[in-house]
Structure formats: C-alpha cells, structure tokens
Amino acid sequence: LTQTSASAIVISAEGWDTEAWSARVRAADPQRPVFVAPDVPDRAAVGYALVWKPPAGMLATFPNLRAIFSLGAGVDHLVFRDDLPAVPIVRVVNPDLTQRMTEWVTLQVLMHHRRQRAYDAQQRARRWRELETPAAADIRIGIMGLGVLGRDAAAVLSRLGYQVAGWRRGQGDVAGVRTYHGEAELDAFLGRTDILVSLLPLTAETRGLLAMPLFEKLAHDGALGGPVLINAGRGGSQVEADIVAALESRTLIGASLDVFEQEPLDAASPLWSREDTILTPHVAAWSDPAPLAEAIVTQIKAFEAGAPLTNTIDRAAGY
Ligand SMILES: NC(=O)c1ccc[n+]([C@@H]2O[C@H](COP(=O)([O-])OP(=O)(O)OC[C@H]3O[C@@H](n4cnc5c(N)ncnc54)[C@H](OP(=O)(O)O)[C@@H]3O)[C@@H](O)[C@H]2O)c1
C-alpha cells in the first residue's frame, strides 16, 4: 500500500457503541474494510480514523493514515495532545446534530423565560398562581460562538422574537444577527445580554472564560430581573464555583448546563440541588451514528475522487 491508497477505516471511541458505528459505516460502504480498535489486523491498510478520545499514541501506529475524523463536533479531545500524526482533522458538521443542539438551547431559553421551574414547584404544591412573564421581544439573548451551532440557534431564537446578538473570534458579520467581534467587543456584547448562551469550543482562549468577572458584566437591568447562563459548549470554559457563587449573590438568576469541568459531574457538586439550575448529562447534541457515519463515508468517497476535505480544524486556533 502507498500512502495515497490506504482506504480502510478504523473506529476508536471508548465508551461509545462502536458496534453501531461500524455497522453504519459498513452499510454505507460495504466494499471498504472497517476495523474496531484495538482489533486492527492490518495497520498499514488504515487510511481513516473515526475517533472519540483515542488512546494515547494509537493514531501514530497507522503508517498510511490520511485523515482523522472526530465523531463529535468538539475537537478539544484531539487538539490538546502531541501524539497525533500530521494529517488533517475533520470534525462533525451535520444537520442532525445541529438540529438537536438548537432544540436543547431553545428548550433552555424557554424554561427560564417562561419560568417553568417556578411552575413545577407550584404544581407540586397544588398552587394556582400566575407569574409575570416578559415578551420575547424584551429579552436580549447573546450567543457566544457563532459557528455552525450558534448560527442555527440564533436563527430559531430570532424567529421566536428574541433580540439575538452573537460574539465570535473572527471578522465578518453573521446575516440577521447583531455580531460582536473578539475581546475588544466582549464587554459591549455582555452589557446588552440577559440570557447568555455559550456554544464555544474549548481552546486556550475560552478556558475558564465563564467566570465571575464575566457574569458581573452581563445586563442586570433586563426584563427577567437578572441574567441567565446557558452552556452547552464545553465545561472547561466554565468555573463552576463561580457559577454557584453568582447564583447565590443573584449575579446570575438561573443556569442551564449540559457540560461540566469534570464529567460525570461529582455527586457532591452543589449544582445538583439548586432550584435555579437545570443540569443535563452532556446530551444536548448527541452524535447519532446513522446520519453521521453516512456523511463521513460520503466525505471520504469525495476526497478519494479528488475533492478537498471540508470542516477541517485549524490546529493552531484549536477548533
Ligand atoms: N454539548 C454537546 O452535546 C455538544 C455537541 C456538539 C458540540 N458541542 C460544542 O459546541 C462547540 C461549537 O460547535 P460548532 O460546530 O458551532 O463549532 P464552530 O463552527 O467551529 O464554531 C465555533 C464558534 O466559536 C467561536 N470562537 C472560537 N474561539 C473563540 C474565541 N476565543 N472568542 C470568540 N469566539 C470564539 C468561533 O468564532 P469564528 O466564527 O470567528 O471562528 C465560532 O463562531 C463545539 O466546539 C463543542 O465544544 C457540544
């Protein structure tokens, strides 16, 4: 085998249903050999690795590897390590995953806006009482990270009538969304935000960003009576001790978290028992093997026919 013809796929995703993934890949491309690590009888045949948190050193053992596909949209499980061969890293971009994330973000925005937690408590107490609820048009949502996921959530939330703005690292405005850029415009973005939604990747720049100094800069004069934090990006971007302190001091009036500094979240975390906090176990946008395996195989076939790989990550930027 030469470097340009290795075509087998290896799948390595500890804790995931790798049998389901390999079955879907085989169904999409019955001619192509598919191995599930660590059972790889012919390492030289492997051209593509489909991975989630692959074991240290493993990817370097495939001499003819041509591309690494992350099975999740986030690539922090790959970029913060130095044992990867110098081949392109491709991340998941797929309408199925995007749709799931937009559902979760919209659900959380509505839970806080429509005060569902308070109504849950009233229902348990058999209490009939109306609570004041502002119009969507009076609520300012700020989305950190206007990438594939942030843009889709922004479009749906705009359609629901919220005032939606977004914040991104690079230049260029996103159509239909008031766009703020980089560190220079972060404070202005925070100052007009009642509900902060983070869909940021975890990078050197975003680590620990969602902390008390940032919460203090959010709008405190808004229609909800205080700001709300929603994070489905990465837990490494948040400081949980600060989130708890901010909720205690009403610097934040609510939070929805799908991601955590350490996963699974420790049973001793004070976040579990708070009435003002909604927790989900990193399920906002599940990687469903059926649509994703099909899309990856389609991309591999196009690549082998001469097309460039798409959705490759910039290793220097870290996403
Ligand atoms: N909880 C879940 O189930 C789940 C599922 C999938 C993904 N995720 C998370 O969601 C993240 C976003 O996914 P995506 O597909 O939308 O990624 P993406 O398309 O790469 O978008 C990332 C966005 O973040 C912005 N950004 C990155 N670093 C920044 C910085 N330092 N300052 C300001 N903005 C910054 C980028 O700015 P530019 O536009 O200027 O590049 C871009 O708008 C993933 O990285 C992953 O961590 C979570």
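Residues numbered from 1 in each chain as written. Predicted model: local features only at pLDDT ≥ 70, side-chain atom pairs only at ≥ 80, totals over all residues. Heavy atoms only, no water.

Caption draft 1: Broad picture of the sheet that holds strand S5 (residues 89–90). Taken in spatial order, the 5 strands make up an open sheet running S2-S1-S3-S4-S5, and their pairing is parallel. Of all the strands in the sheet, the pair left with one neighbour each is strand S2 (34–36) and S5. Where strand S4 (residues 67–70) and S5 come together, 2 bridges link them in parallel fashion. Its bridge partner being in S5, Phe69 is matched across the sheet by Val90. Sitting on the sheet, helix H9 (residues 289–304) touches strand S1 (8–13), strand S3 (46–52), S4 and S5, and the angle it makes with S3 is about 150°. (Pairing = 2+ DSSP bridges. Helix = DSSP H or I, 4+ residues; strand = E, 2+ residues; numbered from the N terminus. Contact = heavy atoms within 4.5 Å. Axes fitted to C-alpha atoms, helices over the stretch in contact; angles between N-to-C directions.)

Caption draft 2: Focus on the packing of aromatic side chains. Under the definition given, this model contains 6 aromatic pairs. Measuring from centroid to centroid gives 6.5 Å for Trp167 and Phe189, while their planes differ by 25°, and the two rings are stacked. Within this pair, whereas Trp167 is found in strand S7 (residues 163–168), its partner Phe189 is found in helix H6 (residues 186–191), the two being separated by 22 residues in sequence. Trp167 sits in the buried class, given a relative accessible area of 9%. Here Phe189 falls in the buried class, since its relative accessible area comes to 0%. Cluster of aromatic residues (ring-pair linked, three or more members): Trp16, Trp21 and Trp52. Here the guanidinium or amino end of Arg207 rests over the ring plane of Phe80, the centre of that ring lying 5.2 Å away. (Phe/Tyr/Trp six-rings, centres within 6.5 Å; stacked < 30°, edge-to-face > 60°. Buried < 20%, exposed > 50% of the residue type's maximum accessible area, 1.4 Å probe, protein only. Lys NZ or Arg CZ within 6 Å of the ring centre and 35° of its normal.)

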